[in-house]
Amino acid sequence: MDIYDELGVKKIINAAGTYTVIGGSRMSETTLNAMKEAGSSFVEIADFQKAVYKGLAELTNNEDACVTTGAIAGIYLSVAAAISRLHNAPLKLLSKEAIQKSEVMMFRSHRNPYDRGIDVLGCKLVELGYPNIIDMITAEDFEYAINENTACVMYVEQPLGGWAAQGALPLEVVIEICKGHNVPVIVDCAAQVPPKSNLWHFTKEMGADIALFSGGKDLKGPQTTGLCVGKKDFISWLNKNNFPNYGIGRMHKVGREELAGIYNAVKEYVEEDEEKRDLESEGIVNSFVESFSAEEDAFFFERVFPNEAGQPMPRAKMYILSDNLTAEIIRDTLLNLDRAIYTAVENGHIYINPMCLTKEEADYVLESINNINKREK
Ligand SMILES: *Cc1c(COP(=O)(O)O)cnc(C)c1O
């Protein structure tokens, strides 16, 4: 009997991917142990933070790093850092007026529910371009929008495609222009690992000031962490407003357990054999593709790539042939099993994402889906 059984909450097998609403990802035994160890002793938090940040910077080939309570808190504290940097003072010393006139530039095509982290600061969000390609914004238009109140650019990067609309300038163009005007570039790339090289690509290689990753998605750290990596100068501004200093970061404090967890998770992530994992993922997807055929079964699967977040990982997409079935019926049937399975439905198709499945779980998902098939065909 575990804590979920004790509280009467049903456990689910995650065949959907690193969705936060079902827990994101699974921490390894060693990460869970690191958290347990960290929680068992007292330390000076400022010293532990410094050591963890230094370690994370080294592991990710960046000048500096820090940890927030998720990528959204990273957005919030990065924009606050940019406002502080613009006015050369921690946020707590700035007037409301100074904050209100500080401008954050963002492409309209990048607007999303996670950017509420900017609004709540009370600064001015300047939207650029359109979320389509009818009248594409030019580098000149973009440069024209920069002025003495510009604090930063907030850029949502999904190199292989994902849910962001078209209508933004490429990141390298934005960074180039911003460099010339001393405007920092913040990159929201919360779900853009794998590949692990993205942990340094946007910052060290491309020159963005800070890149924000979710600790609880594929990095397999605690759900309540965000990994921020980038330039020393920019992160030092972030830390001026951040815990353990008093300031707006105090309500986003990261405990020693989470610091230990994300450190260990990132260490394991950069050591992971990506090729081996790719082969395992392809193997799982292939098992679905090969097990069903359009001629003989109630549905069949096709391999699709990249996945819903624009990660370079395959998924198995189901095409339903039987008139008695819909994607929603299949999803609900799987979710109502004693050993429940959670699948993603998009536009009338079930998708199986191998990222959070063990081989044993994947076999069970395949068997359960085949049971539906046997009843229908
Ligand atoms: C998931 C996600 C976030 C939010 O990340 P949290 O770590 O859950 O706060 C922000 N931006 C993008 C693009 C995301 O995919």
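Here we summarise the structure given alongside this text. Everything quoted here is computed from the prediction, not taken from an experiment.

**Looking at the overall build of the chain**
- A count of helices and strands for the chain gives 14 helices and 13 strands.
- Scaling as 2.2 N^0.38, a compact globule of 377 residues should have a C-alpha radius of gyration of about 21 Å, and the chain matches this with 22 Å.
- The dimensions of the chain, computed from C-alpha atoms along their principal axes, are 70 × 60 × 35 Å.
- Of the accessible surface of the chain, which amounts to about 17800 Å², a share of 51% is contributed by carbon and sulfur atoms.
- The centroid of the 37 positive side-chain charges in the chain is displaced by 6 Å from the centroid of its 55 negative side-chain charges.

**So, the site of the ligand**
- Near the ligand you find Gly70, Ala71, Ile72, Tyr114, Trp163, Asp188, Ala190, Ala191, Ser214 and Lys217, and these make up its full shell.
- Within the side chain of Asp188, one N or O atom sits 2.7 Å away from a nitrogen atom of the ligand.
- A distance of 2.6 Å separates an oxygen atom of the ligand from a polar side-chain atom of Ser214.
- Protein chains shield 89% of the accessible area of the ligand, which is 390 Å² for the free molecule.
- Tallied by class, the residues present in the shell around the ligand amount to six nonpolar, two polar and two charged.

**Quick look at the pairing of strand β5 (residues 150-156)**
- In terms of burial, β5 is largely enclosed, as seven of its seven residues are buried.
- Of the strand pairs in this sheet, strand β3 (residues 103-107) and β5 are connected by three bridges, and their pairing is parallel. For Met105, the partnering residue across the bridge sits in β5 and is Val153.
- Crossover connection from β5 via helix α8 (residues 171-181) to parallel strand β6 (residues 185-188): handedness right-handed.

**Focus: the packing of aromatic side chains**
- This model, assessed by the stated rule, comprises eight aromatic pairs.
- With 6.5 Å between their ring centres and 40 degrees between their planes, Tyr114 and Trp163 make a pair best called tilted. With Tyr114 in the loop between β3 and α6 (116-119) and Trp163 in the loop between β5 and α8, the pair connects residues that are 49 residues apart, well separated along the chain.
- A connected cluster of aromatic rings, assembled from ring pairs, spans Phe288, Phe292, Phe299 and Phe301.
- The cationic tip of Arg315 hangs over the ring face of Tyr351; the distance from NZ or CZ to the ring centre is 4.0 Å.
- One residue, Arg339, lies across the ring of Tyr364, its end atom 4.5 Å from the ring centre.

**Brief notes about the side chain of Asn307**
- Among the secondary structure elements, Asn307 is positioned in the loop between β9 (299-304) and β10 (315-320).
- At 2.7 Å, the side chain of Asn307 forms a polar contact with the side chain of Gln311.
- Each residue touching Asn307, except ones within four places of it in the same chain, is listed here: Met313, Arg315, Asn353 and Met355.

**Here we look at the packing of helix α13 (residues 327-335) against helix α14 (residues 359-376)**
- α14 packs onto α13 with a crossing angle of 125 degrees between their chain directions and a minimal axis gap of 10 Å. Judged by the inter-axis angle, α13 sits oblique to α14. Here the hand of the crossing between α13 and α14 comes out right-handed. In this structure, α13 uses Ile330, Thr333 and Leu334 to contact α14, whose residues at the interface are Ser368, Ile369, Ile372 and Arg375.

Reading the values: rules and limits
- Residues numbered from 1 in each chain as written.
- Predicted model: local features only at pLDDT ≥ 70, side-chain atom pairs only at ≥ 80, totals over all residues.
- Heavy atoms only, no water.
- Helix = DSSP H or I, 4+ residues; strand = E, 2+ residues; numbered from the N terminus.
- Rg over C-alpha atoms; globule rule 2.2 N^0.38 Å.
- Areas by Shrake-Rupley, 256 points an atom, 1.4 Å probe, with all protein chains shown as cover.
- Lys, Arg positive; Asp, Glu negative; His and termini not counted.
- Charge placed at Lys NZ, Arg CZ, Asp CG, Glu CD.
- Near = heavy atom within 4 Å.
- Polar contact = N/O pair within 3.5 Å; in protein donor to acceptor, adjacent residues only side chain to side chain.
- Nonpolar A, V, L, I, M, F, W, Y, C, P; charged D, E, K, R; others polar.
- Buried < 20%, exposed > 50% of the residue type's maximum accessible area, 1.4 Å probe, protein only.
- Pairing = 2+ DSSP bridges.
- Right-handed = clockwise from strand over helix to strand, strands pointing away.
- Phe/Tyr/Trp six-rings, centres within 6.5 Å; stacked < 30°, edge-to-face > 60°.
- Lys NZ or Arg CZ within 6 Å of the ring centre and 35° of its normal.
- Contact = heavy atoms within 4.5 Å.
- Axes fitted to C-alpha atoms, helices over the stretch in contact; angles between N-to-C directions.
- Parallel < 35°, antiparallel > 145°, perpendicular 65-115°, else oblique.
- Left-handed = near helix turned anticlockwise from the far one by under 90°.

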